[in-house]
Amino acid sequence: MRARTYRLVWVYVIIVLLSGSFGAIQSPQPRTLLGEIGDTIDGVLIALIITFFENMVRDVWARELRRFKPYNIALVRFTVYVATFYSVPEIVDWAMQIILPGRYVAGLVGGHHIALYFAFAVAVTVFMSVRRMLGGKYLLAMATGRYRRPIEEEHIVAFMDLKGSTPLAERLGPSRYHDFLNDVFFDVADAIADTGGDVYQYVGDEIVITWSTARGLKNGDCVRFLFAVEDVLAERRDVYMKDYGSTPALRGALHIGPLMVGEIGDLKRQIVMIGDTMNTAARIEGACRKFGRDHVASASLLVRLAQLPDFVKAESLGPVPLAGKSGEMELFALVRA
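Residues numbered from 1 in each chain as written. Predicted model: local features only at pLDDT ≥ 70, side-chain atom pairs only at ≥ 80, totals over all residues. Heavy atoms only, no water.

A. Structural context of the overall build of the chain. Each helix and strand counted, the chain has 13 helices and eight strands in total. The buried share of the chain, reckoned over its 337 residues, is 44%. (Helix = DSSP H or I, 4+ residues; strand = E, 2+ residues; numbered from the N terminus. Buried < 20%, exposed > 50% of the residue type's maximum accessible area, 1.4 Å probe, protein only.)

If you want it as structure tokens, here you go:
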């Protein structure tokens, strides 16, 4: 199962459990077993419909919806929510009465129910929005206080930046260049999710991705990620040419090592990763430019891989001096076999 699908399945499982419990708890008095079953089904179906709708809004329709005003999207959301709140309980009551004629007493869909369902749906939507903004891993870490005190962890780090960004930005102008970058990072998201990576940060035309060591080394997924990005951008080459008159290409650098991970800041808190590993990965990205290679990895990463993906080969660049660092580091260019 792809990492993205696995994560989505877990989101649905958690929401089904929470919404089913919510439906049973808010069942009106006097409570009956059949009444609680009906209300549990109400809660599950409502949550599934709303969650599916929100996933479509954020993942499938996101590119098209960016051209609409926020209040138009909010109006559509409100309409879908209200229609779901009113129709699902009525449909469930109708079905229960057919299945159990004379035994099931339909519950009234009153203002109390609608207010509760609406509050619960808003809470789910806010949760999913925050999860998307921070990332599921970082949201859980902040909620549990895992990084209140810094912890040393080993991570794989990838730095990727856009090739030829300066002349492209001058030609497109700030607004269109922003749209271009947004489309690129939107398209890269699937490759990140499918290989189990996490977006650490965006810096201008650069994106930084991290993996836990075990996850990134599994099946060489951190290496597969670099070429998955190539593939998805190649598939959309015609779209980029039509919209922007240019096709994007990203170069990437991979490194592995220890990092201190912890929360930082006051007015705005975030989880940061500090250490030589991050700095070295950035320097390796500079080596991509120096040697004219699209993808470069450190020897320390490659020796940790059980094997490279069968469609990738490594070409030694020899010991390379890196800016701002003493000594040299052996680097390898990663190319399609």
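B. Spotlight on the pairing of strand 1 (residues 151-162). Judged by how many residues are buried, strand 1 sits mostly within the fold: nine of 12 residues are covered. Where strand 1 lies against strand 3 (residues 206-212), seven bridges are found, and the strand directions are antiparallel. Bridging across to strand 3, V157 finds its partner in T210. (Pairing = 2+ DSSP bridges.)

C. Spotlight on the pattern of salt bridges. Under the criterion given, the structure shown has 14 salt bridges. With its nearest N and O atoms 2.7 Å apart, the salt bridge here joins K163 to D294. With K163 in the loop between strand 1 and helix 7 (165-172) and D294 in the loop between helix 12 (276-291) and strand 6 (295-298), this residue pair connects regions lying 131 residues apart in the sequence. A single network of salt bridges, built from pairs that share partners, joins D161, R251 and R289. (Salt bridge = Lys/Arg side-chain N within 4 Å of Asp/Glu carboxyl O.)

D. Molecular detail of unusual backbone geometry. Although it is not a glycine, N219 adopts a positive phi angle of roughly 60°. Examined against the element boundaries, N219 turns out to sit in the loop between helix 9 (213-217) and helix 10 (221-235). Overall, the relative accessible area of 51% leaves N219 in the exposed class.

E. Expanded view of the packing of aromatic side chains. Counted under the stated rule, the structure contains six aromatic pairs. Centre to centre, the rings of F227 and F311 are 5.8 Å apart; their planes meet at 90°, and the pair counts as edge-to-face. Here F227, found in helix 10, pairs with F311, found in the loop between helix 13 (299-302) and strand 7 (312-321); they are 84 residues apart in sequence, far enough to count as distant. Among the aromatic residues, ring-to-ring pairing joins F180, Y240 and Y244 into one connected group. (Phe/Tyr/Trp six-rings, centres within 6.5 Å; stacked < 30°, edge-to-face > 60°.)

F. Spatial organisation of the environment of L17. If you trace the backbone, L17 turns up in helix 1 (residues 3-25). In this structure, the C-alpha to C-alpha distance between L17 and G43, residues 26 residues apart in sequence, is 9.5 Å.

G. The packing of helix 7 against helix 8 (residues 174-194), seen in detail. Put simply, helix 7 and helix 8 touch, their axes get as near as 6 Å, and they point 130° apart. In terms of orientation, helix 7 and helix 8 fall into the oblique class. Regarding helix 7 and helix 8, the two cross each other, and that crossing is right-handed. Contact residues: S165, L168, A169 and L172 in helix 7; P174, R176, Y177 and F180 in helix 8. Considered class by class, the residues forming the contact of helix 7 with helix 8 number six nonpolar, one polar and one charged. (Axes fitted to C-alpha atoms, helices over the stretch in contact; angles between N-to-C directions. Parallel < 35°, antiparallel > 145°, perpendicular 65-115°, else oblique. Left-handed = near helix turned anticlockwise from the far one by under 90°. Contact = heavy atoms within 4.5 Å. Nonpolar A, V, L, I, M, F, W, Y, C, P; charged D, E, K, R; others polar.)

H. View of the environment of G197. Position of G197 among the secondary structure elements: in the loop between helix 8 and strand 2 (198-203). Separated by 14 residues in sequence, G197 and W211 have C-alpha atoms that sit 4.9 Å apart.

I. Region of the structure containing the side chain of E153. Looking at the element boundaries, E153 is found in strand 1. Within the structure, E153 has its side chain in polar contact with the side chain of R146 (distance 2.6 Å). Each residue touching E153, except ones within four places of it in the same chain, is listed here: R146, Y147, G257, P258, L259 and V261. (Polar contact = N/O pair within 3.5 Å; in protein donor to acceptor, adjacent residues only side chain to side chain.)

J. Here's a closer look at the pairing of strand 5 (residues 270-274). Here strand 4 (residues 250-264) runs beside strand 5; their pairing, made up of five bridges, is antiparallel. In the sheet register, E263 faces strand 5, and the bridge partner there is I271.

K. Main features of the nonpolar core. Core analysis: the biggest nonpolar cluster contains 39 residues, and F225, L254 and L334 have the highest contact counts within it. Y147, V272, M273 and A281 belong to the second-largest nonpolar core, a separate cluster that totals 13 residues. (Core = buried A, V, L, I, M, F, W, Y, C linked by side-chain atoms within 4.5 Å.)

L. Just helix 8, in detail. For helix 8, which comprises 21 residues, the first-to-last C-alpha distance of 31 Å matches the rise-based estimate of 30 Å (1.5 Å per residue) to within 8%. At V188, helix 8 is deflected by roughly 30°, the largest bend along its length. Turning to helix 8, its buried residues are Y177, F180, L181, D183, V184, F185, D187, V188, A191, I192 and A193. Backbone geometry just after helix 8 places G196 at a positive phi near 75°. (Expected span 1.5 Å × (residues − 1). Bend = angle between axes of the 7 residues up to and from the residue.)

Purely geometric numbers; function is a separate question.
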